[in-house]
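Read off the chains here:
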Amino acid sequence: MLFSRPFCKVMAKKDIPIEILEAAKELFFKHGFKRISIEDICNKADISRRTFYVYYENKTDLLIKLLEQIRAENLHEIFAVVNSALPFPEKLIQITRYNIAQLEQMTPEFLADIHDPSFTEVREHYECKKEYMEEWIHTFFTEAQKNGDIRANLDIDFLQRFINYAIASYKNEVIRKHYPDTALLLRKVADLLFYGILGKEN
């Protein structure tokens, strides 16, 4: 006997939490967090509200889980570049390009929503992750300095604070008015950091 039981098509079981996350990601990135309702997410994921609440307490809980997923994916990609055999300048370029590509998926509405100072839950989420990233970035630049990849007399603490300030510039209302495209703004910041005022691009 060729088959011990009747042949049937095996349907892959849906990973419902992931389905919800992916639906939310698409809607949030396109329309922002505040404009999207749980009903919108349920319709997109093709689930009921009851199913939604099995996995997530509310819309904010879903957003925090989504930000955790994005962070994990970003760190995986960045660490892969850092641990590669690429020269240090190429590592910086690759990491910057990756981060800009990620931002290009998000609308200004979404970025404005998640960085709203009154959004306590998200602010606390970023704050609790901040120390780890600050230490990691400091180590990354310190090792590069030891290896002669950046100037020996460069103040790493100042460099790190300056980079943080430059990246956070997209939150400034005046700057955002002139450069509403966050990805474009960060590309300009990267150009300034990498090549300076008098230097030339490679």
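Up top you'll find the structure we're talking about.
Conventions adopted
- Residues numbered from 1 in each chain as written.
- Predicted model: local features only at pLDDT ≥ 70, side-chain atom pairs only at ≥ 80, totals over all residues.
- Heavy atoms only, no water.
- Phe/Tyr/Trp six-rings, centres within 6.5 Å; stacked < 30°, edge-to-face > 60°.
- Buried < 20%, exposed > 50% of the residue type's maximum accessible area, 1.4 Å probe, protein only.
- Helix = DSSP H or I, 4+ residues; strand = E, 2+ residues; numbered from the N terminus.
- Lys NZ or Arg CZ within 6 Å of the ring centre and 35° of its normal.
- Expected span 1.5 Å × (residues − 1).
- Polar contact = N/O pair within 3.5 Å; in protein donor to acceptor, adjacent residues only side chain to side chain.
- Contact = heavy atoms within 4.5 Å.
- Patch = residues over 30% accessible without salt bridge, like charges linked within 9 Å, V, L, I, M, F, W, Y side chains within 5 Å.
- Areas by Shrake-Rupley, 256 points an atom, 1.4 Å probe, with all protein chains shown as cover.
- Salt bridge = Lys/Arg side-chain N within 4 Å of Asp/Glu carboxyl O.
- Lys, Arg positive; Asp, Glu negative; His and termini not counted.
- Charge placed at Lys NZ, Arg CZ, Asp CG, Glu CD.

A. Just the packing of aromatic side chains, in detail. All chains considered together, the criterion is met by 10 aromatic pairs. Their ring planes at 45° and their centres at 5.8 Å tell us that Phe 52 and Tyr 56 sit as a pair that is tilted. In this pair, the class of Phe 52 matches that of Tyr 56, namely buried. When the ring of Phe 158 is compared with that of Phe 162, the centres are 6.1 Å apart and the planes differ by 25°; the resulting orientation is stacked. Linking Phe 158 with Phe 162, this pair stays in helix α8 (residues 156-167), spanning 4 residues, or about one helical turn. Take Phe 158: its relative accessible area is 54%, and that puts it in the exposed class. Three or more aromatic residues joined by ring pairs form one cluster here, namely Phe 79, Phe 88, Trp 136, Phe 140 and Phe 141. Over the ring of Phe 33 we find Lys 59; its NZ or CZ atom is 4.2 Å from the centre of that ring.

B. Structural detail: helix α4 (residues 59-82). For α4, which comprises 24 residues, the first-to-last C-alpha distance of 34 Å matches the rise-based estimate of 34 Å (1.5 Å per residue) to within 8%. A side-chain oxygen of the first residue of α4 lies 3.1 Å from the backbone nitrogen of Thr 60; this N-cap is Asn 58.

C. Focus on the environment of Leu 75. Following the sequence through the fold, Leu 75 ends up in helix α4. Since its relative accessible area comes to 12%, Leu 75 is described here as buried. Taking C-alpha positions, Leu 75 is 9.8 Å from Met 133, a pair spaced 58 residues apart along the chain.

D. Representation of the environment of Asn 58. Tracing the sequence through the fold places Asn 58 in the loop between α3 (49-55) and α4. Relative accessible area serves as the criterion here: at 34%, Asn 58 is assigned to the partly exposed category. Residue contacts for Asn 58: discarding those within four places in its chain leaves Ile 38, Phe 52 and Tyr 53. In this structure the side chain of Asn 58 is engaged in a polar contact, spanning 3.1 Å, whose partner is the backbone nitrogen of Thr 60.

E. Expanded view of a negative patch on the surface. Together, Asp 15, Glu 19, Glu 22, Asp 46, Glu 73 and Glu 77 make up a region of like negative charge exposed at the surface. Going through the elements one at a time, α1 (16-31) and α4 are the ones with two or more residues in the negative patch. Assignment of secondary structure puts Glu 73 in helix α4. Its relative accessible area of 34% is what places Glu 73 among the partly exposed residues.

Coordinates in, geometry out; function isn't part of it.
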